[in-house]
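Tertiary structure, described
Chain by chain, the residues:
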Amino acid sequence: MTQHPAPHRTGLTLRVHQTAPATYVIEVAGDLDHRTTDQLDAVIHHALAAKAVAVLVDLGPTVLLDSSGLNSLVAAHHAATRAHARLALIAPSTTVHRMLATTGVDQVLPAFPTVAAALA
């Protein structure tokens with residue numbers, strides 16, 4: 001029997017930039033799971049506290065999305081709604097899109113292929 005080491009987890013890297021004074025784009029690269037959701041939560045909270053009108057979460061480079069990551073995105077959606085802001089997902093990878101569709105979260109959170117499409 002051949003043993004294969006567990007796949008290396010990439011952790012999480014967040015890149016944040018503003019495309020307009022009140023629009024934040026957050027690129028989520030790596031694993032969005034129970035170990036890393038607090039990082040994304042803090043960045044979204046900061047954007048909403050800064051009076052963002054739109055928070056766009058780019059999931060293109062996201063490798064893994066578990067139930068904690070899903071809960072984080074849904075909670076962020078509710079927080080954005082309370083703050084009179086809009087939260088949208090950008091370019092979810094195939095794996096992430098499958099998780100969103102399987103759980104029905106894709107019916108709650110709008111997804112767009114590009115930042116430009118989300119802002120149109």
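Small disclaimer: the values here were computed from a predicted structure and weren't measured.

Turning next to the packing of helix α1 (residues 37–49) against helix α2 (residues 67–82). For the pair α1 and α2, interaxial distance at closest approach is 10 Å and the crossing angle is 10°. In terms of axis orientation, α1 runs roughly parallel to α2. Side by side, α1 and α2 meet where Thr 37, Leu 40, Asp 41, Ile 44 and Leu 48 of the first sit next to Ser 68, Gly 69, Ser 72, Leu 73, Ala 76, Ala 79 and Ala 80 of the second. Its residues assigned to classes, the contact of α1 with α2 comprises 7 nonpolar, 4 polar and 1 charged.

The next subject is the side chain of Asp 33. With respect to the secondary-structure elements, Asp 33 resides in the loop between β2 (23–32) and α1. According to the relative accessible area criterion, Asp 33 is buried, its value standing at 3%. In contact with Asp 33, not counting residues within four places along its chain, are Leu 64, Asp 66 and Ser 68.

Taken as a whole and judged by the stated rule, the model has 3 salt bridges. Residue Arg 15 pairs with Glu 27 through a salt bridge whose shortest N-O separation is 2.7 Å. You can see Arg 15 sitting in strand β1 (residues 12–20) and its partner Glu 27 sitting in strand β2, a full 12 residues away along the chain. Between Asp 33 and Arg 35 there is a salt bridge; the shortest N-O distance is 2.8 Å. Using a relative accessible area of 43% as the deciding quantity, one classes Arg 35 as partly exposed.

Per-residue confidence for the protein gives a mean pLDDT of 91, with 92% of residues at or over 70. By mean pLDDT, the top-scoring element of the protein is strand β3 (residues 54–58) (98), and the lowest-scoring one is β1 (92). Note that pLDDT drops below 50 for residues 1–8; the model gives that stretch 0 contacts with residues more than four away or on any other chain.

Thresholds, definitions, all that
- Residues numbered from 1 in each chain as written.
- Predicted model: local features only at pLDDT ≥ 70, side-chain atom pairs only at ≥ 80, totals over all residues.
- Heavy atoms only, no water.
- Axes fitted to C-alpha atoms, helices over the stretch in contact; angles between N-to-C directions.
- Helix = DSSP H or I, 4+ residues; strand = E, 2+ residues; numbered from the N terminus.
- Parallel < 35°, antiparallel > 145°, perpendicular 65-115°, else oblique.
- Contact = heavy atoms within 4.5 Å.
- Nonpolar A, V, L, I, M, F, W, Y, C, P; charged D, E, K, R; others polar.
- Buried < 20%, exposed > 50% of the residue type's maximum accessible area, 1.4 Å probe, protein only.
- Salt bridge = Lys/Arg side-chain N within 4 Å of Asp/Glu carboxyl O.
- pLDDT = per-residue confidence, 0-100.

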